[in-house]
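Residue-level listing of the chains:
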Amino acid sequence: MSLKAGIVGLPNVGKSTLFNAITKKNILAANYPFATIDPNVGIVTVPDERLAKLEEMYIPERLVATSYEFTDIAGLVKGASLGEGLGNKFLSHIREVDAIVEVVRCFDDNNIIHVENSVDPIRDIEIINLELSLSDLEILNNRIDKIKKKAETNRDKEALEELNILRKAKENLEKNIPLRLVIFTDEERTILNNFSFLTIKPMIYLANVNEDDVATNDNKYVKQVKEYASHENSKVIKMCAKLESELSELNDSDKQEMLNAIGIEESGLDLLIKETYDLLGLKTFFTVGSDEVRAWTFKNGMTAKSCAGIIHSDFERGFIKAEVMSYEDLIKYGSEQKVKENGRARLEGKDYIMQDGDICYFRFNV
């Protein structure tokens, strides 16, 4: 299941430093090495303490974490929607991702030039968000012009339906409301998904601070970003990209020692990866055994049969049943046998909605 999160922001806000930290990061390194697909795309493993517990229980030959892609998109500038700074090319890259991480500079440093000549996170956010909205409006206007005659003159039912949805989207964007905040029906979203609108994608704001502010709550810029994000129900992750780049080169024990010295429990990068995974609507199920313990990514709401297909198409095609137990029950009772003896193992059919933490054995026949 290939899903991507895109890193966006103005030039010199810390995007490249953050992406360098991501490309160095290598959770469960011996079992799932980091892979670079091309110079600006990397696969990152998702921190999951449950895997370590399952490894202790099964002592498998292989341990495989779940993963997704991060894409580093070159810095946007004011006027990107009109082609400034090769903006159209970069905007097209954003259309290919499923969620957006917007990096915002929240530190003062006279040695790092700001493209707008001063540090103002809200202005920076609004520059980026305006360019995304203008790009969406251009697509909307072009599509509305194309189908308007067919819809209104010929009274084509499907064209009329699409026209009304597009006009609803346009009206909101013109009021400076991103499409992700607009309430659409499932049918409306299905139509809108054909256009890969930028402002409909879920977003996390990443407040990039200096090392001195990592363990404090005193940064005035971060407070401004959190206030802004609260109005659109978006998450804000605070981190120091420079520090994360240093942490990503350490082994687990040295990393934890450094985190303790700084005064934080979890690295910002680990938190970002987990929050982005959740933002993408992703969950995890497990397959276990002495040969392999593996985490698998699925979209929230998927059925057991569809999840079987993630492992192999034959599993889905010949699906019979799924033997399921929860990770919590396995830990509580200590073994599969004990889970069964306590009546907590079950057989589920093809329409069962998979839950995060399910441990599965799929029965199939082809």
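The structure displayed is predicted, hence computed values, not measured ones.

(A) Spatial organisation of the overall build of the chain. Looking only at helices and strands, the chain features 14 helices and 13 strands. Its C-alpha atoms give the chain a radius of gyration of 23 Å, near enough to 21 Å, the size a compact globule of 366 residues would have. The principal-axis extent of the C-alpha atoms belonging to the chain is close to 65 × 60 × 35 Å. Intrachain contacts of the chain at a sequence separation of at least 6 include 68% that bridge at least 24 residues. For the chain, the exposed area adds up to about 18,200 Å²; of that, 46% sits on carbon and sulfur atoms. Distance between charge centroids for the chain: 6 Å, based on 47 positive and 62 negative side chains.

(B) Just the nonpolar core, in detail. If you look at the biggest cluster of nonpolar residues, it comprises 57 residues, and the most contacted ones within it are Leu18, Tyr68, Phe70, Ile94 and Leu272. Beyond its immediate stretch of four places on either side in the chain, Phe70 contacts Ala5, Ile7, Phe19, Ile22, Asn40, Val41, Gly42, Val44, Val101, Leu272, Ile273 and Thr276.

(C) How the structure looks around helix α4 (residues 121–153). Helix length check: α4 (33 residues) gives 47 Å between terminal C-alpha atoms against 48 Å at 1.5 Å per residue, within 8%. By the largest-angle criterion, Ile147 marks the main kink of α4, which is about 45 degrees. Of the residues one or two after α4, Arg155 is the one with positive phi, at around 55 degrees.

(D) Summary view of the packing of α4 against helix α5 (residues 157–174). α5 packs onto α4 with a crossing angle of 150 degrees between their chain directions and a minimal axis gap of 9 Å. Considering their axes alone, α4 and α5 lie roughly antiparallel with respect to each other. Here the hand of the crossing between α4 and α5 comes out left-handed. Contact with α4, carried on its side by Ser133, Asp136, Leu137, Leu140, Asn141, Arg143, Ile144, Ile147, Lys148, Lys150, Ala151 and Glu152, involves Ala159, Leu160, Glu162, Leu163, Leu166, Arg167, Ala169, Lys170, Leu173 and Glu174 of α5 and no other residues of that element. Residue classes in the contact of α4 with α5 are distributed as 11 nonpolar, two polar and nine charged.

(E) Inspection of the side chain of Thr66 at higher detail. Mapped onto the secondary structure, Thr66 falls in the loop between β4 (62–64) and β5 (67–72). When neighbours within four sequence positions are excluded, Thr66 is seen to be in contact with Val44, Thr45, Val46, Tyr277, Thr284, Ala295, Trp296 and Thr297.

(F) Representation of helix α10 (residues 268–279) in the model. Taking 1.5 Å of rise per residue, 12 residues should cover 16 Å, and α10 covers 16 Å from first to last C-alpha, within 8% of that figure. Every buried residue of α10 is accounted for by Gly268, Leu269, Asp270, Leu272, Ile273, Glu275, Thr276 and Tyr277. One or two residues past the end of α10 sits Gly281, with phi positive at roughly 75 degrees.

(G) Molecular detail of the state of the cysteines. Inspection of every chain in the model, using the stated rule, returns zero disulfides. Summary of cysteine pairing: Cys240 is not part of a disulfide, and the nearest cysteine sulfur, belonging to Cys106, is at 12 Å. With a relative accessible area of 4%, Cys240 lands in the buried category. The thiol sulfur of Cys307 is not disulfide-bonded, and the nearest other cysteine sulfur, from Cys360, lies at 7.4 Å. Among the residues examined, Cys307 registers a relative accessible area of 0% and is labelled buried.

(H) Broad picture of a negative patch on the surface. A cluster of acidic residues, Glu158, Glu161, Asp186 and Glu187, forms a negative patch on the protein surface. Elements with a contribution of two residues or more to the negative patch: α5 and α6 (186–192). As for its position among the elements, Asp186 is in helix α6.

(I) Representation of the pattern of salt bridges. With the rule as written, the count across this model stands at 22 salt bridges. The partner of Glu188 in a salt bridge is Lys168, with the nearest N and O atoms 3.2 Å apart. With Glu188 in helix α6 and Lys168 in helix α5, this pair connects stretches of sequence that are 20 residues apart. We classify Glu188 as buried; its relative accessible area is 15%. On the basis of relative accessibility, which here comes to 27%, the residue Lys168 falls in the partly exposed class. Here Lys235 makes a salt bridge to Glu275, at a shortest N to O gap of 2.7 Å. On the criterion of sequence distance, the pair formed by Lys235 in strand β8 (residues 235–239) and Glu275 in helix α10 is long-range, its members being 40 residues apart. For Lys235, a relative accessible area of 42% puts it in the partly exposed group. Taking relative accessible area as the criterion, Glu275 reaches 18% and is therefore assigned buried. Linked through salt bridges whose partners overlap, the residues forming this network are Asp48, Arg50 and Asp356.

Procedures and definitions
- Residues numbered from 1 in each chain as written.
- Predicted model: local features only at pLDDT ≥ 70, side-chain atom pairs only at ≥ 80, totals over all residues.
- Heavy atoms only, no water.
- Helix = DSSP H or I, 4+ residues; strand = E, 2+ residues; numbered from the N terminus.
- Rg over C-alpha atoms; globule rule 2.2 N^0.38 Å.
- Contact = heavy atoms within 4.5 Å.
- Areas by Shrake-Rupley, 256 points an atom, 1.4 Å probe, with all protein chains shown as cover.
- Lys, Arg positive; Asp, Glu negative; His and termini not counted.
- Charge placed at Lys NZ, Arg CZ, Asp CG, Glu CD.
- Core = buried A, V, L, I, M, F, W, Y, C linked by side-chain atoms within 4.5 Å.
- Buried < 20%, exposed > 50% of the residue type's maximum accessible area, 1.4 Å probe, protein only.
- Expected span 1.5 Å × (residues − 1).
- Bend = angle between axes of the 7 residues up to and from the residue.
- Axes fitted to C-alpha atoms, helices over the stretch in contact; angles between N-to-C directions.
- Parallel < 35°, antiparallel > 145°, perpendicular 65-115°, else oblique.
- Left-handed = near helix turned anticlockwise from the far one by under 90°.
- Nonpolar A, V, L, I, M, F, W, Y, C, P; charged D, E, K, R; others polar.
- Disulfide = S-S within 2.5 Å.
- Patch = residues over 30% accessible without salt bridge, like charges linked within 9 Å, V, L, I, M, F, W, Y side chains within 5 Å.
- Salt bridge = Lys/Arg side-chain N within 4 Å of Asp/Glu carboxyl O.

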